[in-house]
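Here is what each chain is made of, one letter per residue.
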Amino acid sequence: DALSNYHFAPRPVADEAQVKTAATPAIAMEEVLPLHVSNATAMAPEEIFNKKKGRDGILRSESEMTQEDRKRLRQSKKAARRKSRKAKLADEKLISRLKPELGLNNPYEKRKMREELQMARASGKVVEGKVEGNDDFKTSAKFFQ
């Protein structure tokens, strides 16, 4: 106790703050607007966000949806998952063709290559080649037309 009190200096006594009332009425003070007001606060949400078309334009919670709507939503989510899974498998197949020495040994290198491929696609360096025209050649006569 003696060690902590050797350098003790009490705080100086401060004068109490005095509140002075102004002669302005309270209503005039409350009606003052800020100088810089954004236009976004005056807009409705439909004006700020783009309105979606079709069934997506109607915002409903899960409890308001009918059984068909819930099924449709579930199927669209599943289709999106299938599409992303198919794209991932196609990327892995392409990587295995580009670098066959990776094999199954190093999953970190494969993930790194997949991320590099996605970055290259996003920047426009990778172009998907597709043959235009009919692919339904069931007979040679259709092929040579």
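Residues numbered from 1 in each chain as written. Predicted model: local features only at pLDDT ≥ 70, side-chain atom pairs only at ≥ 80, totals over all residues. Heavy atoms only, no water.

1. Quick notes on the pattern of salt bridges
Inclusion rule: We define a salt bridge as a side-chain nitrogen of Lys or Arg found within 4 Å of a carboxyl oxygen belonging to Asp or Glu. Counting from the N terminus, the helices are DSSP H or I runs at least four residues long and the strands are E runs at least two residues long. The buried label applies to any residue whose accessible area, calculated with a 1.4 Å probe on protein chains only, is under 20% of its type's maximum; exposed applies above 50%, and partly exposed to all values in between.
With the rule as written, the count across this model stands at three salt bridges. Among the ionic pairs, Arg72 bridges to Asp69, the shortest N-O distance being 2.8 Å. A residue pair is termed a helical-turn pair when its members lie 3 or 4 positions apart in one helix, as Arg72 and Asp69 do in helix H3 (residues 67-98) at three residues. Overall, the relative accessible area of 38% leaves Arg72 in the partly exposed class. Overall, the relative accessible area of 12% leaves Asp69 in the buried class. When the shortest N-O distance is used, the salt bridge between Arg121 and Asp91 registers 2.7 Å. Highlighted residues: Arg121 in helix H4 (residues 107-123) and Asp91 in helix H3, separated in sequence by 30 residues.

2. As for H3
Cut-off, in case you're wondering: Expected helix span is taken as 1.5 Å per residue step, with the number of steps being one fewer than the number of residues. Working rule for contacts: check all heavy atoms of both residues, and any pair within 4.5 Å makes them a contact.
The end-to-end C-alpha distance of H3 is 46 Å, a good match for the 46 Å that 32 residues give at a rise of 1.5 Å each. All of the buried residues along H3 are Asp69, Asp91 and Ile95. Its buried side turned inward, H3 meets H4.

3. Considering a nonpolar patch on the surface
For clarity, the threshold we go by: Two joining distances apply to patches: 9 Å for like charges and 5 Å for nonpolar side chains (Val, Leu, Ile, Met, Phe, Trp, Tyr), and every residue must have over 30% relative accessible area and no salt bridge. A 1.4 Å probe and the Shrake-Rupley method give the accessible areas. Residues count as covered only by the protein chains that appear here.
Together, Met43, Ile48 and Phe49 line one region of the surface with nonpolar side chains, adding up to about 310 Å² of accessible area. Within the secondary structure, Ile48 is located in helix H2 (residues 45-48).

4. What to know about empty space enclosed by the protein
Here is the rule: A cavity here means a set of 1 Å grid points, computed over protein atoms only, where a 1.4 Å probe fits but cannot escape. A pocket is an open set with protein on both sides within 12 Å along at least 5 of 7 lines, and lining residues have an atom within 4 Å of a point. Grid points are joined across faces, edges and corners, and a volume is the space filled by probe spheres set on the points. Classification convention: Asp, Glu, Lys, Arg as charged; Ala, Val, Leu, Ile, Met, Phe, Trp, Tyr, Cys, Pro as nonpolar; all other residues, Gly among them, as polar.
Applying the stated criterion across every chain, the model contains one cavity of 30 Å³ or more. Taken together, Glu92, Ile95, Ser96, Lys110 and Arg114 form the lining of the largest cavity. For the lining of the largest cavity, the secondary structure elements donating two or more residues are H3 and H4. It is H3 that contributes the most residues to the lining of the largest cavity, three residues altogether. Of the residues that constitute the lining of the largest cavity, the class distribution is one nonpolar, one polar and three charged.

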